[in-house]
Amino acid sequence: MSIENPEVFELAMHDLVRSLGTSHTGFFHQSVRRVPARLAIGANFRKVETVDGFRWVVQDVHEGGPAHKAGLKPLDVLTQIEGARIAPPEQPMFPMGTTTRIKVDRPTGTAHLDLNIPAPRSRKQPYSEPKAVISSVLPNSIGYLKVSILPGLLGLDVAREIDAAVKGFAQCDRLILDLRGHLGGGLGVLRLMSHLTPKKLPIGYTLSRRMAENGYTKENLKAVDRLPTDRPNFLAIATMMLKYARRDPSFLLISEGSAEQKWHGRIVILVNEHTVSAGEMVTAFAKENHLATIVGTETAGRLIPGSGFKTGSGYMVIMPKAAYITWHGNRFEGRGIEPDVKEPWSPQEHLNGRDTQLHRAQEVLGSL
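Quantities reported herein were computed from a predicted structural model and do not represent experimental measurements.

(A) Representation of the overall build of the protein. Scanning the protein from terminus to terminus reveals 10 helices and 21 strands. In the protein, which comprises 368 residues, the share counted as buried stands at 51%. Long-range contacts, defined as pairs at least 24 residues apart, comprise 71% of the intrachain contacts of the protein with a sequence gap of at least 6. Within the structure as shown, the protein displays about 17,300 Å² of accessible surface, and the carbon and sulfur contribution to it stands at 52%.

Have a look at this one:
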């Protein structure tokens, strides 16, 4: 391939790698000048046909992310990035470590917003971190927990945040777990799943190519069944490193066994087409074990963990490193998880101030 323009080359290579059809694949320069919107600014876009043709319309905006801080809102129609027109099929991509001006159309008129996008903590997995955990108590003793991301390889800090949020639901007898637009993350997912049941249940396992070729039994895989959040981080990390470092990345997840809650058995999980990775692991676990009713739209089907490799001249390629299989033997890569109760996102209702998916979740809980 001979292309003089670096951005055109990067885009062409990214599209080539993505044509493999698996999740966690990509090609980018370590200057992180082209990062997908959901990772760079904490916003998800939906392709919508308008009077001007197909456009990118904002669907999810994560609190605390660059998009939220700049004032980007659901239903905003993205028309320009740094003065350049943007429309499907071209994906909204943003440089990190910069301030980027965008133009959006709103029912009230046109707006120009400046997105202050921080430099990523890691160039192997670049993203801007939104507020990870948001909680509140809704009317009728319904706890509401939104988890946007599970940052950190071990996820110790976010696990503690989840614990703190759950303590606030002591008087609640029902729970809504909102995973719409969930970005993924690390082992903090184990704590989130463990709060769905007081039992210690096998969840699923990652499987490397080497382990698959050599043969295995899932019951004998190295198990991760506890996050040592009762210890200082340095000691907890050392313990986990000694236990799992330099081992094959195949391992089995088992829920930790949490305290019984009034809302166990009366849980709704909200998902949409932007729910990926760890969010899908939670959804699959809850669905297979009948721990929650799933409401919304089919998830993205992107569960394969990936890893970055340097290829020279400052470029990196992201490729899958293992498969994820649920304990019941399901692989949701490429097909997503179907909700028990389908409820599409309604732009018109959102314009009227009504979240139809959240309302449907409350209705479902009312019947339990």
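(B) Just the packing of aromatic side chains, in detail. Under the defined criterion, the tally for this structure stands at 1 aromatic pair. A cation over an aromatic ring shows up here: K47 above the ring of F54, its NZ or CZ 5.2 Å from the ring centre. Looking at K218, its charged tip hangs above the ring of W327, at a distance of 4.1 Å from the centre.

(C) Looking closely at the pattern of salt bridges. Counted under the stated rule, the structure contains 18 salt bridges. The salt bridge involving E349 is made with R354; its shortest N-O contact spans 3.9 Å. Assessed through its relative accessible area of 36%, R354 is described here as partly exposed. Through salt bridges with shared partners, a single ionic network connects K146, D178, R180 and D355.

(D) Quick look at the sheet that holds strand β20 (residues 323-326). Spatial strand order, β14-β15-β13-β20: 4 strands in an open sheet with mixed pairing. Strand pairing shows two members of the sheet lacking a second neighbour, β14 (223-224) and β20, which therefore form its edges. By the bridge criterion, 2 bridges tie β14 to strand β15 (residues 251-254) in an arrangement that is parallel. Across the sheet, V224 pairs through a bridge with L253, a residue of β15.

(E) Region of the structure containing the pairing of β15. Relative to β15, strand β13 (residues 202-207) runs antiparallel, the two being bridged by 4 bridges. Directly across from P202, in β15, lies its bridge partner I254.

(F) Molecular detail of the environment of E343. Secondary-structure assignment places E343 in the loop between β21 (341-342) and α9 (347-351). Residue class for E343 comes out buried when judged on its relative accessible area of 15%. For E343 and G296, which are 47 residues apart along the polypeptide, the C-alpha to C-alpha distance reads 4.5 Å. Beyond its immediate stretch of four places on either side in the chain, E343 contacts V295, G296, T297, T356, Q357 and R360.

(G) Expanded view of the pairing of strand β5 (residues 77-81). Of all 5 residues in β5, 4 are buried, a share of seventy percent or more. Across 2 bridges, the pairing between strand β4 (residues 53-61) and β5 is antiparallel. Each bridged residue has a counterpart across the sheet, and for W56 the counterpart in β5 is L78. As paired strands, β5 and strand β8 (residues 98-106) are joined by 4 bridges and run antiparallel to one another. Each residue of the ladder has a partner; that of I81, found in β8, is I102. As paired strands, β5 and strand β6 (residues 84-85) are joined by 2 bridges and run antiparallel to one another. Bridge assignment links I81 to a residue of β6, and that residue is A84. Taken together, β5 and the strand that follows it, β6, pair antiparallel across an intervening segment of 2 residues, in which E82 is found at a positive phi of about 55°.

(H) Region of the structure containing helix α4 (residues 156-167). End to end, α4 covers 17 Å across 12 residues, agreeing with the expected 16 Å (1.5 Å per residue, within 8%). Inspection of α4 places L156, V158, A159, I162, A165 and V166 among the buried residues, and these make up the whole buried set. For α4, the elements touching its buried residues are β10 (133-138), β11 (142-147), α5 (188-194) and α7 (233-244).

(I) Region of interest: the environment of K47. Within the secondary structure, K47 sits in strand β3 (residues 43-50). Apart from residues lying up to four places away in sequence, K47 is in contact with F54, R55, W56 and P88.

(J) Inspection of the nonpolar core at higher detail. L145, L177, L196, I269 and V282 are the most contacted members of the largest nonpolar core, which has 50 residues in total. Of all elements in the fold, only β11, α4, β12 (174-178), α5, α7, β16 (267-271) and α8 (278-288) reach the threshold of two or more residues within this core. Ignoring any residue separated from it by four or fewer positions in sequence, one finds I269 in contact with L177, L179, L196, V282, T283, A286, A292, T293, I294 and V295. The next biggest cluster of nonpolar side chains, apart from the first, holds 24 residues, and it includes V35, A40, I81 and L115.

(K) A look at the sheet that holds strand β17 (residues 293-296). The strand order β10-β11-β12-β16-β17-β21 describes an open sheet built from 6 strands, whose pairing is mixed. Of all the strands in the sheet, the pair left with one neighbour each is β10 and β21. Alignment of β12 against β16, held across 4 bridges, turns out to be parallel. Considered in β16, the bridge of L175 is made with I267. The sheet strands contacting α4 are β10 and β11, and the helix crosses β10 at an angle near 5°.

(L) Molecular detail of unusual backbone geometry. Of note, the bond from P88 into P89 is cis; its omega dihedral lies within 30 degrees of zero at 10°. Within the fold, P89 resides in the loop between β6 and β7 (93-94). Phi angles above zero are rare outside glycine, and N140 is one such case at about 70°. Of note, N140 is situated in the loop between β10 and β11. The residue H290 is not glycine, and still its phi comes out positive at about 55°. With respect to the helices, strands and loops of the structure, H290 is situated in the loop between α8 and β17.

How each quantity is defined
Residues numbered from 1 in each chain as written. Predicted model: local features only at pLDDT ≥ 70, side-chain atom pairs only at ≥ 80, totals over all residues. Heavy atoms only, no water. Helix = DSSP H or I, 4+ residues; strand = E, 2+ residues; numbered from the N terminus. Buried < 20%, exposed > 50% of the residue type's maximum accessible area, 1.4 Å probe, protein only. Contact = heavy atoms within 4.5 Å. Areas by Shrake-Rupley, 256 points an atom, 1.4 Å probe, with all protein chains shown as cover. Phe/Tyr/Trp six-rings, centres within 6.5 Å; stacked < 30°, edge-to-face > 60°. Lys NZ or Arg CZ within 6 Å of the ring centre and 35° of its normal. Salt bridge = Lys/Arg side-chain N within 4 Å of Asp/Glu carboxyl O. Pairing = 2+ DSSP bridges. Expected span 1.5 Å × (residues − 1). Core = buried A, V, L, I, M, F, W, Y, C linked by side-chain atoms within 4.5 Å. Axes fitted to C-alpha atoms, helices over the stretch in contact; angles between N-to-C directions.

So, to be careful, I would describe these as geometric facts and stop short of saying anything about function.
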